[in-house]
Amino acid sequence: MALILAMGISRHKLGVPGEKELLGKGVSYCVDCDAHFFKGETVAVVGNESAAVSGALTMLFYANEVHLLCDALQVSEALSYQVRESDVHVHEGSKVVKIEGKNRVEGLTLDNGERLKLSGVFIELGAKGAIELAATLGVILDSEKMQYIVTDKQQQTNIPGIYAAGDICGPPWQMAKAVGEGCVAGLAAAKYVKAHRKT
Ligand SMILES: Cc1cc2nc3c(=O)[nH]c(=O)nc-3n(C[C@H](O)[C@H](O)[C@H](O)COP(=O)(O)OP(=O)(O)OC[C@H]3O[C@@H](n4cnc5c(N)ncnc54)[C@H](O)[C@@H]3O)c2cc1C
């Protein structure tokens, strides 16, 4: 028997009014996927870590105005310098309390009462990884974040016969990567089963 783990990941939510209601109507969890929908517009990226900062820098190629909303930046000095020297408006120490809009995102409100008029909000707060699964099955996770399942080139984990594919193996969280890894895992798992057939 072989097992392929492909349960995806669960993105961390902001948990504010408007987030759920306006998902796909200006609220996005993926700069790489949705940046091009916001050409020439004003957007905000929410998050403290490198995904948010890199996302904000990427958005400069598409949007007219980019805001980065964060509690406190937790990135390398180089990335912190890069974003502060860029045209991104960094609002450190600010929390989003509400995303506004009727049928589409129209703006957001910060905890200091400030309101930003914009049409896109990218929530880049990372994702819940596979830590529970790792504890149950004993599969090894990446050493940096301890969130994603580590595999070899055949998508096999450290446990023979257990494979993993897609978002659960870490970023980039893209369909093409998930499909490719799924294909490799499927073929390898079938080969494993054939090789270990008892009769
Ligand atoms: C809003 C949004 C927009 C996106 N846009 C794009 C885009 O434009 N282009 C792009 O390339 N990528 C995009 N992505 C990313 C893309 O969807 C993922 O990279 C891809 O779907 C990952 O595939 P996966 O099979 O690893 O996980 P998923 O597609 O998440 O599939 C995992 C499945 O496993 C199920 N599952 C979870 N736990 C269990 C369990 N315990 N038992 C049984 N089943 C379980 C889940 O219900 C789900 O059906 C987007 C993602 C989001 C959230």
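Structure shown above.
Residues numbered from 1 in each chain as written. Predicted model: local features only at pLDDT ≥ 70, side-chain atom pairs only at ≥ 80, totals over all residues.

## Section: the packing of helix H2 (residues 50-59) against helix H3 (residues 77-85)
Any two packed helices are characterised by the angle at which their axes cross and by the distance between the axes. Taken N-terminus to C-terminus, the directions of H2 and H3 make an angle of 35 degrees; their axes are 10 Å apart at the nearest point. Like other packed secondary-structure pairs, H2 and H3 cross with a definite hand, here left-handed. Between H2 and H3, the residues in contact are Ser50, Val53, Ala56 and Leu57 and Leu79, Gln82 and Val83, respectively. For the contact of H2 with H3, the residue count by class is five nonpolar, two polar and no charged. (Axes fitted to C-alpha atoms, helices over the stretch in contact; angles between N-to-C directions. Helix = DSSP H or I, 4+ residues; strand = E, 2+ residues; numbered from the N terminus. Left-handed = near helix turned anticlockwise from the far one by under 90°. Contact = placed C-beta atoms within 7 Å. Nonpolar A, V, L, I, M, F, W, Y, C, P; charged D, E, K, R; others polar.)

## Examining the site of the ligand
Taken together, the neighbourhood of the ligand is formed by 14 residues, with Gly8, Cys33, Gly166, Met175 and Ala178 sitting nearest. Here the element with the most residues in the shell around the ligand is helix H5 (residues 175-195); it accounts for three residues. Each residue belonging to the shell around the ligand can be placed in one class, and the counts come to 10 nonpolar, three polar and one charged. Among the domains, domain 1 (11-123) and domain 2 (129-195) are the pair contributing at least three residues each to the shell around the ligand. (Near = placed C-beta within 6 Å. Domains from an automatic or database assignment.)

## Section: unusual backbone geometry
Pro172 follows Pro171 through a cis peptide bond whose omega is 5 degrees. Along the chain, Pro172 turns up in the loop between strand S12 (162-164) and H5. Unusually for a residue other than glycine, Met146 sits at a positive phi of about 55 degrees. With respect to the element layout, Met146 can be found in the loop between helix H4 (131-137) and S12.

## Topic: the environment of Leu116
Within the element layout of this structure, Leu116 appears in strand S9 (residues 115-117). Residue Leu116 is classed as buried on the basis of its 20 C-beta neighbours within 10 Å. Along the sequence, Leu116 and Asp142 sit 26 residues apart, while their C-alpha atoms lie 38 Å from each other. Leaving out residues up to four positions away in the same chain, Leu116 has contacts with Ala44, His67, Gly107 and Leu108. (Buried ≥ 20, exposed ≤ 12 C-beta atoms within 10 Å, placed from the backbone.)

## Considering the sheet that holds strand S5 (residues 65-70)
If you walk across this open sheet you meet the five strands as S3-S10-S4-S5-S6, and the pairing is parallel. Taken across any chain shown, the strands that pair with only one partner, and hence form the sheet edges, are strand S3 (27-28) and strand S6 (89-92). Pairing of strand S4 (residues 42-46) with strand S10 (residues 120-123), which is carried by four bridges, proceeds in the parallel orientation. In the sheet register, Val46 faces S10, and the bridge partner there is Ile123. (Pairing = 2+ DSSP bridges.)

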